[in-house]
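Okay, here's what each chain looks like letter by letter:
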Amino acid sequence: MGITRLKRKARRNKQRSADRVNKIKQLTSTPVIAKIDAEALKASFETSTKAEAKPKAKKEEAEKTEE
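Report on the accompanying structure. (Residues numbered from 1 in each chain as written. Predicted model: local features only at pLDDT ≥ 70, side-chain atom pairs only at ≥ 80, totals over all residues. Heavy atoms only, no water.)

**Overview of the overall build of the protein chain**
Thinking step 1. When its secondary structure is counted, the protein chain shows two helices and zero strands.
Thinking step 2. Residue burial in the protein chain is summarised as follows: out of 67 residues, 0% are buried.
Thinking step 3. Summed over all atoms, the accessible surface of the protein chain reaches about 7,300 Å², with 56% contributed by carbon and sulfur. (Helix = DSSP H or I, 4+ residues; strand = E, 2+ residues; numbered from the N terminus. Buried < 20%, exposed > 50% of the residue type's maximum accessible area, 1.4 Å probe, protein only. Areas by Shrake-Rupley, 256 points an atom, 1.4 Å probe, with all protein chains shown as cover.)

Encoded structure:
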């Protein structure tokens, strides 16, 4: 009498184990953070929002005068 193996169950168990290992690796990994000048980054956001806000207002006024 031959031995029967549950190949599908074995594959499923191996996949569960691999998923668990990958999940643990993702949770424990830390992102690579380059040295960033926080103040310069904040300043760039402030200047970009101010620069975007002003032209929009000018365009709206220009469109109203053209009509």
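What follows picks up the thread again.
**Topic: a nonpolar patch on the surface**
Thinking step 1. Taken together, Ile36, Leu41 and Phe45 make up a surface patch of nonpolar side chains, about 320 Å² in accessible area.
Thinking step 2. Within the secondary structure layout, Ile36 lies in the loop between helix H1 (7-28) and helix H2 (38-66).
Thinking step 3. Judged by relative accessible area, Ile36 falls into the exposed class, the value being 58%. (Patch = residues over 30% accessible without salt bridge, like charges linked within 9 Å, V, L, I, M, F, W, Y side chains within 5 Å. Salt bridge = Lys/Arg side-chain N within 4 Å of Asp/Glu carboxyl O.)

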